[in-house]
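Survey of secondary and tertiary structure
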Amino acid sequence: MRSSIDPQRLALRGTFTVTLEADGQRVDIGCMPAFEHLTREAEPYDALHVQAVTNVPPEALRAAADLLCGGRRIAYHAWSGLAQHTNATQADRAVATLYALSGSFDRIGGNRIRRSPPYNPVNAFGYIPKEQMAKALGIRTADRPARNGLGHRPRPLPGCVGRRALQGARDDGVRDEPVAFAGG
């Protein structure tokens, strides 16, 4: 679905003053769109400067730019190679920004957002018989105190134990109470 906003009205470059109002007070704040910040940061990196920093010759840089600008769709997959580098966060952001600018997001040939097929969960706790659930370690509800497998209350554990580690998740809306705390 396309936006109803005229693309010519979008402010991608420049500096602007935005007026904010709260509690009856108005404050003018200067701001720049992200593309203006990106352009200013990238400005010193002409082909020769990039070669000095990366050892990538200008011809190879131009060939890569031509490949990306050639109208073909691009699919972007994180955590494969680039994300393993020591500077992964910044490098991955740069590639993600370049990918976003390619126009390939959610288009044929690029990364698509698809709805999952409907399914019925087969592992919900509601499917476990109550007799089996009674054997689970540490499950306690308001009407049934926690007991171990022998019918005794569990002894305090030396150390901190997370509630869900002992109880398991519940999907029946009943809030479980903690069963063990750091202690004795």
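The paragraphs below set out a description of the structure included in this document. Since the model is a prediction, treat every value here as computed from it, not as a measurement.

Turning our eyes to something else, we now look at the overall build of the protein. Of regular secondary structure, the protein possesses 6 helices and 2 strands. The secondary structure elements of the protein, listed N-terminal to C-terminal, are β-β-α-α-α-α-α-α. Taking all 184 residues of the protein together, the buried fraction comes to 12%. By sequence separation, contacts in the protein at least 24 residues apart represent 38% of the contacts at least 6 residues apart. Accessible surface, the protein as shown: approximately 15300 Å² in total, 56% of it carbon and sulfur.

Turning to the side chain of Glu36, a few remarks are in order. Position of Glu36 relative to the elements: it lies in helix α1 (residues 34–42). Looking at Glu36, its side chain comes within polar contact range of the side chain of Arg40, at 2.8 Å. Setting aside its immediate chain neighbours within four residues, Glu36 contacts Leu12, Arg13 and Gly14.

Let us look at a nonpolar patch on the surface. Together, Ile5, Leu10, Leu12, Phe35, Leu38 and Leu101 give the surface a local cluster of nonpolar side chains, amounting to about 530 Å² of exposed area. The residue Leu101 is located in helix α4 (residues 88–102) in this model.

Below, the discussion takes up the packing of helix α2 (residues 47–54) against helix α3 (residues 58–69). At a minimum axis distance of 9 Å, the contact between α2 and α3 shows a crossing angle of 110°. One way to sum up the angle between α2 and α3 is to call them roughly perpendicular. Of the residues in α3, those in contact with Ala47, Leu48, Val50 and Gln51 of α2 are Pro58, Leu61 and Arg62. Taken together, the residues of the contact of α2 with α3 sort by class into 5 nonpolar, 1 polar and 1 charged.

Calculation criteria
Residues numbered from 1 in each chain as written. Predicted model: local features only at pLDDT ≥ 70, side-chain atom pairs only at ≥ 80, totals over all residues. Heavy atoms only, no water. Helix = DSSP H or I, 4+ residues; strand = E, 2+ residues; numbered from the N terminus. Buried < 20%, exposed > 50% of the residue type's maximum accessible area, 1.4 Å probe, protein only. Contact = heavy atoms within 4.5 Å. Areas by Shrake-Rupley, 256 points an atom, 1.4 Å probe, with all protein chains shown as cover. Polar contact = N/O pair within 3.5 Å; in protein donor to acceptor, adjacent residues only side chain to side chain. Patch = residues over 30% accessible without salt bridge, like charges linked within 9 Å, V, L, I, M, F, W, Y side chains within 5 Å. Salt bridge = Lys/Arg side-chain N within 4 Å of Asp/Glu carboxyl O. Axes fitted to C-alpha atoms, helices over the stretch in contact; angles between N-to-C directions. Parallel < 35°, antiparallel > 145°, perpendicular 65-115°, else oblique. Nonpolar A, V, L, I, M, F, W, Y, C, P; charged D, E, K, R; others polar.

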